[in-house]
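# Coordinate analysis (summary)
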Amino acid sequence: MNRKQKIRLTSIISVLVILIAAIGLVLYALKQNINLFYTPTQLMQANPNTDRTVRVGGYVKQKSVHYDQAGTGVQFTITDKTNEIDVKFLGVLPNLFREGQGIVVTGKLSNAHLLQASEVLAKHDEKYMPWTLEKELKKSTGQTQ
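This is a predicted model, so every value here is computed, not measured.

To continue, consider the overall build of the chain. Each helix and strand in the chain was counted, giving 3 helices and 6 strands. In the chain, the succession of α and β elements from N to C terminus is α-α-β-β-β-β-β-β-α. In the chain, buried positions account for 24% of the 145 residues. Partitioning the contacts of the chain with sequence separation of at least 6, the portion at a separation of at least 24 is 49%.

This is the structure we're talking about:
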């Protein structure tokens, strides 16, 4: 190998090392900010610690929503049609919350089947449209309700 080839090889290796280091740093930073959720089945299989905050996503089971006497707390069940997790939440639920609706809940596990929620987020499907916009669209296209 002559001197020119050694310089070229050293340059290529240096660029590759810097590129790999940059990709590694980006992935490490993203790992800390990724906010994924488990399904109830995945959560059962993972067996997380009870003092760790987890996010669970699924559907609110039909006829599982029960409000407490004061009306400030609610208990319901999240299901993925295979497994279920009971959730207790103290606070105001989102407007889109209802039975059969997709939700994501953040909280701590009290035991394997009970989650003490600190946040409840209701998801909507891709067909969601505010009723005012839907009304205007129907009016402009001449459709009746």
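A few words now on the packing of aromatic side chains. The geometry of an aromatic ring pair comes down to the distance between the two centres and the angle between the two planes. Scanning the model with the defined rule gives 1 aromatic pair in all. Arranged with centres 5.0 Å apart and planes meeting at 65°, the rings of Phe76 and Phe97 form a pair that is edge-to-face. Of this pair, Phe76 sits in strand E3 (residues 73-79) while Phe97 is found in the loop between strand E4 (84-90) and strand E5 (102-111), placing the two residues 21 residues apart along the sequence. Taking NZ or CZ as reference, Lys81 lies 4.8 Å from the ring centre of Tyr59, over its face.

On to the nonpolar core. In this structure, Phe76, Phe97, Val105, Leu115 and Val120 are the most contacted members of the largest nonpolar core, which totals 19 residues. Every element with two or more residues in this core is listed here: strand E1 (53-60), E3, E4, E5 and strand E6 (114-122). In contact with Phe76, other than residues within four places in its own chain, are Val60, Ser64, Val65, Ile85, Asp86, Val87, Phe89, Phe97, Ile103, Val105 and Val120.

To continue, consider the pattern of salt bridges. One pass over the structure, following the stated rule, counts 1 salt bridge. A salt bridge links Lys61 to Glu84; the shortest N-O distance between them is 2.9 Å. Here Glu84 lies in strand E4 and Lys61 lies in the loop between E1 and strand E2 (66-67), a separation of 23 residues in the sequence. Here Glu84 falls in the partly exposed class, since its relative accessible area comes to 34%.

A positive phi angle is found at Lys63, which is not glycine, with a value near 60°. Relative to the assigned elements, Lys63 resides in the loop between E1 and E2. Non-glycine residue Lys81 carries a positive phi angle of around 75°. Locating Lys81 in the fold gives a position in the loop between E3 and E4. We classify Lys81 as exposed; its relative accessible area is 69%.

Right, let's talk about the pairing of E3 for a bit. A regular strand places its side chains on the two faces of the sheet in alternate fashion. By the criterion of burial, E3 is predominantly enclosed, with 6 of the 7 residues buried. Here 2 bridges tie E1 to E3, and the two strands are oriented antiparallel to one another. Residue pairing in the sheet places Tyr59 in a bridge with Thr79 of E3. Pairing of E2 with E3 involves 2 bridges; the strand directions are antiparallel. By the bridge assignment, His66 is partnered in E3 with Gln75. Counted between consecutive antiparallel strands, the loop separating E2 from E3 contains 5 residues, among which Gly71 sits at a positive phi close to 85°. Where E3 and E4 come together, 7 bridges link them in antiparallel fashion. Each residue of the ladder has a partner; that of Gln75, found in E4, is Lys88. Between E3 and E4, which pair antiparallel one after the other, the connecting turn spans 4 residues, and Lys81 there sits at a positive phi close to 75°.

The rules behind these values
Residues numbered from 1 in each chain as written. Predicted model: local features only at pLDDT ≥ 70, side-chain atom pairs only at ≥ 80, totals over all residues. Heavy atoms only, no water. Helix = DSSP H or I, 4+ residues; strand = E, 2+ residues; numbered from the N terminus. Buried < 20%, exposed > 50% of the residue type's maximum accessible area, 1.4 Å probe, protein only. Contact = heavy atoms within 4.5 Å. Phe/Tyr/Trp six-rings, centres within 6.5 Å; stacked < 30°, edge-to-face > 60°. Lys NZ or Arg CZ within 6 Å of the ring centre and 35° of its normal. Core = buried A, V, L, I, M, F, W, Y, C linked by side-chain atoms within 4.5 Å. Salt bridge = Lys/Arg side-chain N within 4 Å of Asp/Glu carboxyl O. Pairing = 2+ DSSP bridges.

Taken by themselves, the reported measurements are silent on function.
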